Structure formats: C-alpha cells, structure tokens
Amino acid sequence: MADISANDAALAPAGSRQAGLTTSDGRPLKSALARSSRRARRRAFLLVLPLLLFILITFVVPIGQMLQRSVKNDGFSANMPQLSAWFHDNPRGTEPDDAAWAALAADLTAAAQARTVGVVGTRINYDMPGTRSLFTSAGRQARGGIEPPYREAILEMDAKWGDPRLWSVMREASSPYTSNFYLAAVDRTRDDQGEVVAAPAQQQIYVKLFMRTFWLSLVITFTTFLLGFPVAHLLATLPMRQSNLLMILVLLPFWTSLLVRTTAWIVLLQQQGVVNDVLVWLGVIGNTQRLQMIFNQTGTIIAMTHILLPFMILPLYSVMRTINPSYVRAARSLGATSWTAFRRIYFPQTLPGLGAGALLVFILAVGYYITPALVGGSSGQLISNMIAMHMTQTLNWSMAAALAALLLGGVLILYWVYDRLVGIDNLKLG
C-alpha cells in the first residue's frame, strides 16, 4: 500500500505536489514562492522608482504642460469677465447690444485699473495683429471710468471698436480653451462667422516651415548615410588596433563644442572663406564668382551633416562588427558578383543599424536649433527657430506650444510608420 501511495504521489499533478510541500519552517512552499516573487518585484520597482520619477518630472510633466498651454490661454477671459459672460449667453451672430457695450466698458475700466489691459490686448493681438495698441490706448482713457452711453463713448475713443472682425476675435478669446493656435499653426484662421478658412497669403508661413524642416531632415539623414556607411564599413573590417584609432577621429566632434564647430563652418564656407579661396586658387571659379554656401539651406545641410554624422556611423559600426565575413565569401564562392553579394547578403544584415542611425539623425535634425540659427539665414531656418522666436521675442507661448505639439505629433507618426514597416524590435544602437 505504501508503494501505491508513493506512485500515486509521483503521478499527481505538479500543482498538487507543490501544494503539499513545505519550507524548512513549516510554511507552504507555494505561498512562500509567491511571497518571494512579490518581494522581488517590489525590490525591482523601488530600484527603478528614482528613474521613473526623474522621467515623470523632467519629461512627462513638461510635455503635459506644453499640450495644455497650446489649447489654453485665459489672458482675455480672466481679465474681461463681464464681456466673456455676455458672449457665453448670446450665440454667434448676435449684434453687440447695450449690455455688451456696458460689459466692455466695465471690463476695460477694471483692466485699466488693475494694469492688465496689456495682457488682454496681447491675447487679442495673437489672432488679430495690430490690436494691442487699441486696448492699451483705450485702457489709458478708461482708467478714470467710462460714462454712458457706452457705445458712443467707446467708439469716440477709436472707431475700430465697431469692427465686426474684432468682436468675432474677442468672442473666440472669451473661452480660456481654444483651438485657434493649432489653426494658426497650419495656416488657418476663423472668419467672422466662425468658419475655418485659409489665412491670408502673407501670413501662411508655418506649413512651409514644417515642409522645409522635414525635407531638410530627410536630406541630412540621407547624406549622413552616404558618408557614414563606407566609414562604418571600414571601421568594422579593419583590425581592432587600427579601428580604435580611427574611431577616435569619429568621436572627436563630441569633444568639441557645438558652437565652435558651427562657427568653424561659417569661417570655411563664407564667400571670403577657405573653401572659396581654394576653389579660386585652383581656377575652378573666378574671384567674382565665389559661391554662396553659408546663410542658406546649403550651409544648414553641410554643417548639420557634419555634426550628426557620428550618430549614423556608431549604430552602423556596432551592427557591421557582428556580421560574419564568411557569409559574403560563401556567396562569392557560389558565383555571386561583389555587388550581388553586397546587395543580397551584406546590406540586409546592416538594416538594424541603418534604421537606428536614420531614426536618431532624423529626430535630432528635426528639432535642431543652434546650427540653423547661425548658418541657415532666412532660407535655412527650421520650425524650431520659429518656436524659439515665439518663446523669446513675441512671448506667444501658446503658439510656440502648438507648433511644438504638431512637431512632436509628426515625429511620433513617422516613428509609428517606421515601426510598421521595419519594426522597432530590429533597432540596434550598439
């Protein structure tokens, strides 16, 4: 009978055998293993908690604030509450009545006394350029109060207060949340009836900037591939001692200030610079035919290609170093030409490194600011320069946030397309 019980226990399911086992102190083994697993997970979570908090504070929260800023601007609604309430109670198309003019007079007086009329004017000026002075002038005159009849008194200050376009813009700004900044970021606006229409031709600049940014980023990515692939292949095939020596030359730009490298390209590429002097000395061009290679798109492409080239070489090198050279030799021994062996055997194995390098270079190029600002001129500026201008000069942070959000969305879409076509799992950064 004892042998039968032992055989039955041996033939029992693993779960039932484990449930009957105990630890040295008499606790069930299953519960002890579960407790140990929970303790290990908790320890691992506590180890990565500082990194999660760092990412949350320095990355997630700022992006969240940026996205909120792109749709929220209460410069008008917070300082013109009575007029905002009138807009809320009366549908679009309602002509301003005596109550509307009275609310405008009361809000102008209160804003002038609180010295916030400039904030109100700045908010309206974002959607209707040239109106900030209208508000500040009215604020100076309304500081002592506005006497009825309010409509005639305000129109006496400036006849522009009767412009239907101004009232339409104030209605849009009466809500702290708006999509107008995103509309402006794609060269759209709203007419007097609130319909989305194309912005005036002289104000349509952002779509062109986005297209230029993505186009130049693609050109820079392709150029770094053409220059970086042979260098990475040479580094991967040379003996380790010589490869390490050349790798120092690849890494040397990282040890030099970005500002110094960009300034050096200005010296090299300007019309009286080294490159033009050498071309004139060789007789390639005449002294009066010096090339304009700086303060345009050419200067942006050359300088950014040089700066971002290591980000293409290093992922390619890390992948090429692991490729077994016997694969190509086997293809050659089976009758394949050098080009066929490279195209069908070697190059496909470098795609993970190529994808990682292209993704790195493209994302860095899309958001680059210093180099285009210094060498790009008017035709080589990218969308990042326009974002910086709104942040530092016009102080239109909502517009800057909307442009940045669209740029982030475009990068994420390209990232998703890359994942669908190639696969993020195939990326190899080294």
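A quick note: this is a predicted structure, and the numbers were derived from the prediction, not measured.

Novice: Please clarify how the side chain of Thr109 should be interpreted in this entry.
Specialist: Counting through the fold element by element, Thr109 comes out in helix α5 (residues 98-114). Judged by its relative accessible area of 13%, Thr109 is buried. Not counting residues within four places of it along the chain, the set of residues in contact with Thr109 comprises Ala142, Gly145 and Ile146.

Novice: Whenever I open this one, the UniProt feature "transmembrane region" (unreviewed entry) in the protein chain confuses me. Can you help?
Specialist: Mapped onto this numbering, the UniProt entry annotates "transmembrane region" (unreviewed entry) at residues 44-64, 214-238, 245-268, 301-319, 353-375 and 395-418. Structurally, residues 44-64 is divided into 100% helix and 0% strand, and its ends, taken at the C-alpha atoms, are 27 Å apart.

Novice: Looking at this structure, how should I read the nonpolar core?
Specialist: By size, the foremost hydrophobic cluster in this structure holds 29 residues, and its most contacted members are Leu83, Leu104, Leu108, Phe135, Trp161 and Met170. Of all the secondary structure elements, the ones that give two or more residues to this core are α4 (81-89), α5, α6 (117-127), α7 (132-142), α8 (150-157) and α9 (164-173). Per-element tally for this core: the top contributor is α5, with seven residues. Those residues in contact with Leu108 that lie beyond four places of it in its chain are Met80, Val117, Phe135, Ala138, Ala142 and Trp161. Counting residues in each nonpolar core, the second largest holds 25 residues, with Leu235, Ala236, Ile323 and Ala365 among its members.

Novice: Is there a simple way to explain helix α15 (residues 297-320) in this structure?
Specialist: Side chains of residues three or four places apart in an α-helix project in the same direction, reflecting 3.6 residues per turn. Taking 1.5 Å of rise per residue, the 24 residues of α15 would be expected to cover 34 Å, and the 32 Å separating its terminal C-alpha atoms lies within 8% of that figure. Its maximal kink placed at Leu308, α15 deviates by approximately 40°, while the proline Pro310 follows within four residues. By the N-cap criterion, in which a side-chain oxygen at the helix start approaches the backbone nitrogen of a residue two or three places on, α15 is capped by Asn296, the distance to Thr298 being 3.2 Å.

Novice: Can you walk me through the packing of aromatic side chains in this structure?
Specialist: Two measures describe an aromatic ring pair: the distance that separates the ring centres and the angle between the ring planes. Counted under the stated rule, the structure contains 14 aromatic pairs. For the pair Phe87 and Trp167, a centre-to-centre distance of 6.1 Å together with 65° between the ring planes defines the contact as edge-to-face. One end of the pair, Phe87, is in helix α4; the other, Trp167, is in helix α9, with 80 residues separating them in the sequence. On the basis of relative accessible area, Trp167 is assigned to the buried category, the value being 6%. Taking 5.9 Å as the distance between ring centres and 45° as the angle between the ring planes, the aromatic pair formed by Phe229 and Phe347 counts as tilted.

Novice: How should unusual backbone geometry be read in this particular structure?
Specialist: With the exception of glycine, most residues fall at negative phi, and the peptide bonds are largely trans. In this structure, the amide linkage connecting Pro148 to the following residue, Pro149, adopts the cis form with an omega of 0°. Examined against the element boundaries, Pro149 turns out to sit in the loop between α7 and α8. Even without a glycine there, the phi angle at Asp187 is positive, about 60°. One can find Asp187 in the loop between α10 (180-185) and β1 (188-190). In this structure Asp187 comes out as buried when scored by relative accessible area, which is 4%. Notably, Leu395 is not glycine yet its phi reads approximately 60°, a positive angle.

Novice: Explanation requested: the pattern of salt bridges in the structure shown.
Specialist: Two side chains carrying opposite charge are able to pair once their charged atoms lie near each other. Applying the stated rule across the entire model yields four salt bridges. Asp127 serves as the salt-bridge partner of Arg123, at 3.0 Å between the closest nitrogen and oxygen. Separated by four residues within a single helix, Arg123 and Asp127 lie in helix α6, roughly one turn from each other. Asp127 matches Arg123 in its accessibility class, with the two residues each being buried. When the shortest N-O distance is used, the salt bridge between Asp277 and Arg290 registers 2.8 Å. Here Asp277, found in helix α14 (residues 274-282), pairs with Arg290, found in the loop between α14 and α15; they are 13 residues apart in sequence, far enough to count as distant. For Arg290, a relative accessible area of 15% puts it in the buried group. Each of Arg92, Glu172 and Arg190 takes part in salt bridges that share partners, so that together they form one network.

Novice: Please clarify how the environment of Phe135 should be interpreted in this entry.
Specialist: Relative to the helices and strands, Phe135 resides in helix α7. What makes Phe135 buried here is its relative accessible area of 0%. Put simply, Phe135 and Asp89 are 46 residues apart on the chain and 23 Å apart in space, counted from C-alpha to C-alpha. Discounting chain neighbours no more than four positions away, the residues touching Phe135 are Leu108, Val117, Val120, Gly121, Ile124, Trp161, Leu166 and Met170.

Novice: Please explain α4 as it appears in this structure.
Specialist: Those residues of α4 lying buried are Leu83, Ser84, Trp86 and Phe87. Buried residues of α4, seen end-on, are gathered within an arc of 155° and therefore sit on one face of the element. Every exposed residue of α4 that faces more than 90 degrees away from the buried side is listed here: His88 and Asp89. For α4, the elements touching its buried residues are α5 and α9.

Novice: Sorry if this is basic, but what is going on with the UniProt feature "domain: ABC transmembrane type-1" (unreviewed entry) in the protein chain here?
Specialist: Per the UniProt record, "domain: ABC transmembrane type-1" (unreviewed entry) is annotated on residues 210-418. A distance of 19 Å separates the end C-alpha atoms of residues 210-418, which is 76% helix and 0% strand.

Novice: Quick question: what am I supposed to make of a positive patch on the surface here?
Specialist: Where like charges cluster on the molecular surface, the positive patch consists of Arg35, Arg38, Arg39, Arg41, Arg42 and Arg43. Summarising the element assignment, Arg43 is placed in helix α3 (residues 29-71). For Arg43, a relative accessible area of 48% corresponds to the partly exposed category.

Rules of the game
Chains are numbered independently. Their residues run from 1 in the order of the written sequence. Predicted model: local features are reported for residues with pLDDT of at least 70 only, side-chain atom pairs are reported and counted for 80 or more only, and whole-chain, interface and lining totals are derived from all residues. To get the side-chain values, all heavy atoms of the structure are used, and hydrogens and water are removed first. Numbering goes from the N terminus for both helices and strands, where a helix is a DSSP run of H or I of at least four residues and a strand is a run of E of at least two. Accessibility here uses a 1.4 Å probe with only protein chains present; expressed as a share of the type maximum, an area under 20% marks a residue as buried, one over 50% as exposed, and anything in between as partly exposed. Note on contacts: a residue pair qualifies if any of its non-hydrogen atoms lie within 4.5 Å across the two residues. UniProt positions are given in the numbering used here, feature names are shortened, and annotations may be inferred rather than shown by experiment. Take the buried residues of types Ala, Val, Leu, Ile, Met, Phe, Trp, Tyr and Cys, join any two whose side-chain atoms come within 4.5 Å, and each joined set is a nonpolar core. Expected helix span is given by 1.5 Å per residue-to-residue step, counting one fewer step than there are residues. Two axes are fitted around each residue, one to the seven residues ending there and one to the seven starting there, and the angle between them is reported as the bend at that residue. We call two N or O atoms a polar contact when they sit within 3.5 Å, provided that within protein one can donate a hydrogen and the other can accept it, with sequence-adjacent residues counted only if both atoms are side-chain atoms. Aromatic pairs are defined between Phe, Tyr and Trp rings, using the six-membered ring for Trp, whenever the two ring centres lie within 6.5 Å; interplanar angles under 30 degrees are classed as stacked, those over 60 as edge-to-face, and all others as tilted. Any Lys or Arg side-chain nitrogen located within 4 Å of an Asp or Glu carboxyl oxygen qualifies as a salt bridge. Arc definition: directions from the helix axis to the C-beta atoms. Two joining distances apply to patches: 9 Å for like charges and 5 Å for nonpolar side chains (Val, Leu, Ile, Met, Phe, Trp, Tyr), and every residue must have over 30% relative accessible area and no salt bridge. Note on areas: Shrake-Rupley with a 1.4 Å probe; residue coverage comes only from the protein chains shown. Only four residue types enter the charge count: Lys and Arg as positive, Asp and Glu as negative, with His and the chain ends excluded. All charge positions are set by atom: Lys at NZ, Arg at CZ, Asp at CG, Glu at CD.

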